[in-house]
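# What the coordinates show
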Amino acid sequence: MKSSMIWANFSVKNADRSREFYNKLGLTPNGPNNDPNLASFKFGKDNFVIHFFQEELIKEYLPAWENASNEIMFTLSAETQNEVEEWYKKVVDAGGIIIKELIRDKEGYFGFVFSDPDGHRFNVLLMDNM
């Protein structure tokens, strides 16, 4: 399967501090960048997006993530709910570990979180906000 987009998610202790730091480095913000719990920037010529989420927010969505401050989670974008469900089945069939079950969250996003056999985390996400 292919995803239409991929981006990275880091946990940070202070999103405002991260925003200030990456602004000072001259990186391009990804969007208005005015959410106090998120700093988001584009990296490199391909504008790879890295989100820097306030640590408490990451732990809210991933309570089993014991060492959130030192890990990265990549998000794979899906275009339909069916595609998310197909990813889920393939991950399970391949022996992946489901960290967060399929769910539509309070913002309306639909997806799940899994890890590969080495514990690297991925989020498959449909951003249709239905």
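Up top is the structure these notes are about.
Summarised in this report is the structure supplied together with it.

Let's shift gears to the overall build of the chain. Across its full length, the chain carries three helices and eight strands. Tracing the chain from N to C terminus, the helices and strands come up as β-α-β-β-β-α-β-α-β-β-β. Per-residue burial for the chain yields a buried fraction of 38% across its 130 residues. In the chain, once contacts between residues fewer than 6 apart in sequence are set aside, the share between residues at least 24 apart is 48%.

All right, on to the nonpolar core then. Membership of the largest hydrophobic core is limited to twelve residues, which are Leu76, Ala78, Val84, Trp87, Tyr88, Val91, Phe110, Phe112, Phe114, Phe122, Val124 and Leu126. At the level of elements, strand S5 (72-78), helix H3 (81-93), strand S7 (110-115) and strand S8 (121-126) are the ones that each hand at least two residues to this core. In terms of residue count, H3 provides more of this core than any other element does, four residues in total. Excluding its chain neighbours within four sequence positions, the residues that come into contact with Leu126 are Ala78, Glu79, Thr80, Gln81, Val84, Arg104, Tyr109 and Phe110. Core analysis: the next-biggest nonpolar cluster, separate from the first, contains eight residues, Ala8, Val12, Tyr22 and Ile50 among them.

Despite not being glycine, Asn47 has its phi angle at roughly 55°, a positive value. As for its placement among the helices and strands, Asn47 is situated in the loop between strand S3 (38-43) and strand S4 (48-54).

The next subject is the packing of aromatic side chains. In this description, a pair of aromatic rings is defined by centroid distance and the angle of the planes. Scanning the entire structure with this criterion turns up eleven aromatic pairs. Between the aromatic rings of Phe10 and Phe52, the centroid separation amounts to 5.9 Å while the plane-to-plane angle is 10°, which identifies the pairing as stacked. Of this pair, Phe10 sits in strand S1 (residues 6-12) while Phe52 sits in strand S4, and the two are 42 residues apart along the sequence. Connected via pairs of aromatic rings, a cluster forms that spans Phe10, Phe21, Tyr22, Phe41, Phe43 and Phe52.

Once that is clear, we can look at H3. For H3, with 13 residues, the first-to-last C-alpha span of 18 Å sits near the 18 Å given by 1.5 Å per residue. The complete set of buried residues in H3 reads Glu83, Val84, Trp87, Tyr88 and Val91. Angularly, the buried residues of H3 cover 145° about the axis, an arc narrow enough to put them on a single face. Along H3, exposed side chains directed more than 90 degrees from the buried face belong to Lys89 and Asp93. Here the buried face of H3 lies against S5, strand S6 (97-104), S7 and S8. Gly95 sits one or two positions beyond H3 and adopts a positive phi of about 95°.

What counts, and at which threshold
- Residues numbered from 1 in each chain as written.
- Predicted model: local features only at pLDDT ≥ 70, side-chain atom pairs only at ≥ 80, totals over all residues.
- Heavy atoms only, no water.
- Helix = DSSP H or I, 4+ residues; strand = E, 2+ residues; numbered from the N terminus.
- Buried < 20%, exposed > 50% of the residue type's maximum accessible area, 1.4 Å probe, protein only.
- Contact = heavy atoms within 4.5 Å.
- Core = buried A, V, L, I, M, F, W, Y, C linked by side-chain atoms within 4.5 Å.
- Phe/Tyr/Trp six-rings, centres within 6.5 Å; stacked < 30°, edge-to-face > 60°.
- Expected span 1.5 Å × (residues − 1).
- Arc of directions from axis to C-beta.

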